[in-house]
Amino acid sequence: MLVLSSLKWPGSGTFCHSRPWRATEISLAGPGAGDCAVAMHVSFQIAADLNRAVTSAALQAGFDPAGFSAEIRTADPRHGDFQANGVLGYAKARKLNPRAVAEQLVAALAPSMEGLCDLSIAGPGFINFRLKPDVLLQWLGRYGTVEMLRSGASALHQGQRYVVDFSSPNTAKQLHVGHIRGMVIGEAICRMLAFCGASVVRDNHIGDWGTQFGKLIWGYKHLRNDEALATDPLEELERLYKAADAATKADPAVLEAARAELVKLQAGDRENLELWQRINAISSGAFTEIYRKLDIHFDHQLGESFYNDRLNPVYEELTRLGLAEISEGALVVFHPEHPRFKTQPFIIRKSDGAANYASTDLATMLYRTEHFQADAIVILTDARQSDHFEQLWLTTQKWFGMTQRRLPRFEHVSFGSILGEDGKAIKTRSGDPIRLKALLAEAEDRALTLVNEKSPELSEAERKDIAAAVGIGAVRYADLSQNRSSDYVFAWEKILSLEGNTAPYLLYAVARIHSIFRKQGIEGPTEALFANATPPETETELALARKLVGFASTLELTTQQLRPHFLCTYLYELAGAYSAFYAADKVLVDAEPVRARRLLLCARTLLVLESGLSLLGLRTLQRM
RNA sequence: GGACCCGUAGCUCAGCUGGAUAGAGCACUUGGCUUCGAACCAAGGGGUCGGGGGUUCGAGUCCCUCCGGGUCUACCA
């Protein structure tokens with residue numbers, strides 16, 4: 001249990017910003033691991049093998065196990081494929097010569113490394129590992145299908161059940177550009193976690209039970225246009241909401257009437273309940289259309305209304321436990337130990353007795369823990385809701401702790417806003433939000449112009465299909481490729497660019513590889529083509545092979561931090577390494593072993609690019 | 001007032017719980033297609049990592065402080 005002491009789990013005061021579960025470290029927990037694992041066969045996570053081997057060697061060399069951790073990192077290619085930085089800190093703490101310590105470690109390590117990699121010590125005591133070309137070849141040979149990649153990656157989150165809450169729009173409103181990040185990042189996170197062995201429950205926590213329904217129902221009853229409702233129902237609902245909202249502001253009597261409609265709804269009035277259901281159905285239909293276009297899926301759609309009859313027990317328990325108190329008529333939770341939340345309450349029931357989203361979110365935490373048996377709950381919303389989720393998590397920890405409930409991990413995956421080119425929240429000229437439907441249509445239009453220009457020889461149907469993949473992919477990739485915690489500026493020119501870290505560049509790399517296999521007269525690669533492959537030799541071959549092996553570390557990093565842009569950066573670098581290889585080393589040469597190994601590199605690049613892009617939710621193309 | 005996020009090349013951004021000479025793309029300069037898709041590749045210039053202090057063998061990364069921008073701060077979500 002050498003490194004596990006560095007793991008902090010929620011509940012010990014680290015709260016939702018803790019960074020749990022780093023798989024290379026967890027894999028150390030097996031007793032006696034390390035001696036033979038490396039030599040047997042090359043495994044998916046080579047970094048984990050190295051970690052085991054170095055840790056084992058450290059024990060053998062007589063290091064103090066409590067103070068040593070290998071600290072395996074992917075290295076700058078100039079130095080090697082991986083490096084172990086652990087001796088530096090270890091030597092410092094004991095006032096030893098770091099270089100001498102590194103030499104001791106390498107001496108103990110060398111036998112187990114035979115055949116795997118070359119070792120070197122550099123600088124003040126870095127230990128560098130450079131994988132042997134033959135090992136690269138073995139890895140490429142072994143991880144040759146999506147199933148093999150998945151099976152290799154599955155150790156990362158095996159047996160963990162994640163409930164992921166994403167998208168979660170409000171009913172009766174159109175999806176606009178502000179919704180897309182949560183949808184796209186959420187879908188990618190679900191796919192990546194599932195690929196890495198987790199059992200993922202996708203839940204669309206729809207906002208279907210808010211104060212907006214009073215106005216909406218009043219508007220529906222008094223202002224609706226049946227024709228508009230038939231042609232574009234969601235548009236009409238949105239108009240009704242706006243009109244009703246304006247009417248309540250203009251006339252106190254209308255406001256009163258709208259409140260009365262809400263009271264009737266919440267009391268179970270049959271007519272209003274039916275209306276509510278119809279409104280939800282309309283919304284749901286419109287959402288589904290966009291979800292289908294973006295290939296986004298949910299296992300459940302448990303909206304706020306689902307928790308209506310689960311709220312009272314929450315109020316009662318929290319009150320009984322002394323966590324909640326009445327303040328200014330509302331039921332609230334203060335957190336005296338917190339600099340801010342000691343005075344800023346978490347309002348879990350409004351003074352008029354109605355629920356708000358704190359009420360439902362608490363009930364939701366409980367439901368996900370008990371019903372879904374969640375090991376981890378992941379909620380995606382924009383960063384402006386950070387306070388709310390911090391309060392929710394503080395409250396949940398105390399609540400579950402005092403009632404001896406199992407506490408799952410919790411991650412609020414927050415993200416920045418999408419800005420217009422003026423640096424302010426993106427809007428249309430008239431000041432309305434840009435509708436997602438319109439945005440996606442424009443993306444496809446612009447992509448079609450490009451495709452028409454670049455590939456006029458293709459049929460119209462094919463060009464349209466390509467434009468859809470490129471356009472939607474570009475929008476999606478723009479959302480994913482940037483660090484989610486920062487705001488980003490939306491610019492068509494940038495995201496549809498063919499150069500740089502963009503979807504079109506990656507899709508082009510994929511299409512170009514397909515073309516090589518087409519040239520061979522086959523639809524896709526077959527293993528027979530690589531039977532005589534020799535280990536990579538040229539600089540560009542080696543660089544590409546190393547990059548491919550790095551897929552394993554990238555998946556670990558990406559799912560550990562729930563930041564898809566790590567995978568984007570990796571895929572971009574992989575495509576770059578491929579392009580350099582492609583320009584420098586002709587693939588279809590006469591010499592059989594050379595052709596075989598280059599075709600192998602092509603095939604595996606294709607596999608990793610297509611797998612990776614699919615994890616991000618992008619559709620790839622055979623030609624473009 | 002307080003809390004959180006952000007500040008890296010002219011512009012847009014990476015930088016993996018502190019590690020080797022801070023990296024990409026765009027733009028700019030130059031070179032490469034009668035040979036596998038040039039929607040590509042190669043090379044070059046361009047940096048007081050907002051300022052200042054501190055911790056450390058080592059700081060873009062951690063701590064303090066100041067400046068600038070954003071968000072949130074009692075019953076919307």
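One numbering rule holds for all chains: residues counted from 1, following each sequence as written. All chains are assigned letters beginning with A, and all ligands numbers beginning with 1, in the order in which they are written. Given that this is a predicted model, residues contribute local features only at a pLDDT of at least 70 and side-chain atom pairs are listed and counted only at 80 or more, while totals for whole chains, interfaces and linings are drawn from all residues. Only hydrogens and water are set aside; all other atoms, that is, all heavy atoms of the structure, feed into the side-chain values.

A.B. asks: Even after reading the chapter, I still don't get the pattern of salt bridges, so can you show me in this structure?
C.D. replies: When the charged atoms of two side chains lie near each other, side chains of opposite charge can form a pair. A pair is scored as a salt bridge if a Lys or Arg side-chain nitrogen falls within 4 Å of a carboxyl oxygen belonging to Asp or Glu. In this structure the tally under the stated criterion is 40 salt bridges. Between Lys464 and Glu460 there is a salt bridge whose closest N-O contact spans 3.4 Å. In this pair, Lys464 and Glu460 both sit in helix H18 (residues 460–481), four residues apart, roughly one turn of the helix. Summary of the burial criterion: residues with accessible area below 20% of their type's maximum are buried, those above 50% are exposed, and those between are partly exposed, where the area comes from a 1.4 Å probe applied to protein chains only. A relative accessible area of 45% means that Lys464 is categorised as partly exposed. Glu460 gets classed as partly exposed once you look at its relative accessible area, which sits at 49%. Numbering of helices and strands starts at the N terminus; helices are DSSP runs of H or I of at least 4 residues and strands are runs of E of at least 2.

A.B. asks: Where do I start with the environment of Pro564 in this structure?
C.D. replies: Mapped onto the secondary structure, Pro564 falls in the loop between helix H22 (551–561) and helix H23 (565–584). On the accessibility criterion, Pro564 (3% relative accessible area) is buried. Along the primary structure Pro564 and Gly207 are separated by 357 residues, whereas in three dimensions their C-alpha atoms are 26 Å apart. With sequence-adjacent residues up to four places away left out, Pro564 is seen in contact with Ile185, Ala188, Ile189, Met192, Leu480, Thr558 and Leu616. Contact criterion: two residues are considered in contact whenever any of their non-hydrogen atoms come within 4.5 Å of each other.

A.B. asks: Looking at this model, I keep getting lost on the sheet that holds strand S4 (residues 126–131). Mind explaining?
C.D. replies: One key point about sheets: their strands pair by backbone hydrogen bonds, in either a parallel or an antiparallel sense. The criterion for strand pairing is that DSSP finds at least two bridges linking the strands in question. Strand order in the open sheet formed by four strands is S1-S2-S4-S3, and the pairing between neighbours is antiparallel. A strand with exactly one partner marks an edge of an open sheet, and here the two such strands are strand S1 (72–74) and strand S3 (117–122). Taken pair by pair, the neighbouring strands of this sheet meet at an average axis angle of 25 degrees, ignoring direction. Both S3 and S4 contribute to a ladder of six bridges, which runs antiparallel. In the sheet register, Cys117 faces S4, and the bridge partner there is Leu131. What counts as an axis is a line fitted to C-alpha atoms, over the stretch in contact for a helix, and the angles between N-to-C directions run from 0 to 180 degrees.

A.B. asks: What am I meant to see in the pairing of strand S6 (residues 199–203) here?
C.D. replies: In terms of residue burial, S6 counts as a mostly covered element, since four of its five residues are buried. Both strand S5 (residues 161–165) and S6 contribute to a ladder of five bridges, which runs parallel. Bridge assignment links Arg161 to a residue of S6, and that residue is Ser199. Regarding topology, helix H8 (residues 177–195) serves as the crossover connection from S5 to the parallel S6, and that connection is right-handed. Here the term right-handed applies to a crossover when the path leading from its first strand over the helix to its second strand runs clockwise, the strands being oriented away from the viewer.

A.B. asks: Looking at this structure, I do not really get the side chain of Thr381. What am I missing?
C.D. replies: Residue placement: Thr381 occurs in strand S10 (residues 376–382). Owing to a relative accessible area of 11%, Thr381 belongs among the buried residues under this scheme. Every residue in contact with Thr381, bar those within four places of it in the chain, is listed here: Phe389, His412, Val413, Ser414 and Phe415.

A.B. asks: Whenever I open this one, helix H5 (residues 98–113) confuses me. Can you help?
C.D. replies: The periodicity of an α-helix, 3.6 residues per turn, causes residues three or four places apart in sequence to face the same way. Helix span, as expected, comes to 1.5 Å for every residue beyond the first. An ideal rise of 1.5 Å per residue puts 22 Å on 16 residues; H5 measures up with 21 Å between its terminal C-alpha atoms. Within the sequence span of H5, burial applies to Val101, Ala102, Leu105, Val106, Ala108, Leu109, Ser112 and Met113. Here a polar contact means two N or O atoms within 3.5 Å. Within protein one must be a hydrogen donor candidate and the other an acceptor candidate, and residues neighboring in sequence count only if both atoms are side-chain atoms. In this structure Asn97 caps H5, since a side-chain oxygen of it lies 2.9 Å from the backbone nitrogen of Arg99. Of the residues trailing H5, Gly115 is marked for its positive phi of about 90 degrees.

A.B. asks: Is there a simple way to think about the sheet that holds strand S7 (residues 324–327) in this case?
C.D. replies: With respect to topology, three strands assemble into an open sheet ordered S7-S8-S9, the strand pairing being antiparallel. Of all strands in the sheet, those with a lone pairing partner are S7 and strand S9 (346–349), marking the two edges. Taken over all neighbouring pairs, the strand axes of this sheet differ in orientation by 45 degrees on average, direction set aside. Relative to strand S8 (residues 330–333), S7 runs antiparallel, the two sharing four bridges. Pairing of Ile326 across the sheet is with Leu331, part of S8. Contacting S7, S8 and S9, helix H14 (residues 311–320) crosses the sheet at an angle of about 125 degrees to S9.

A.B. asks: I tried to follow the packing of helix H17 (residues 436–454) against H18 on my own but got confused; where do I start?
C.D. replies: Helix packing geometry: the angle between the two helix axes and the distance between the axes. Two numbers describe how H17 lies on H18: the axes approach to 7 Å, and their chain directions differ by 125 degrees. If you check the angle between H17 and H18, you find them oblique. Note that H17 runs across H18; the crossing there is right-handed. In this structure, H17 contributes Leu439, Leu440, Ala443, Glu444, Ala447, Leu448, Val451 and Asn452 to the contact, and H18 contributes Arg463, Lys464, Ile466, Ala467, Ala468, Val470, Gly471, Ile472 and Val475. Grouping the constituent residues of the contact of H17 with H18 by class yields twelve nonpolar, two polar and three charged. Roughly parallel covers angles under 35 degrees, roughly antiparallel covers those over 145, roughly perpendicular covers 65 to 115, and oblique covers all other angles. Crossings are assigned a handedness: left-handed for a near helix turned anticlockwise from the far helix by less than a right angle, right-handed for a clockwise turn. Under the convention adopted here, Pro, Cys and the residues Ala, Val, Leu, Ile, Met, Phe, Trp and Tyr are nonpolar, Asp, Glu, Lys and Arg are charged, and Gly plus all remaining residues are polar.

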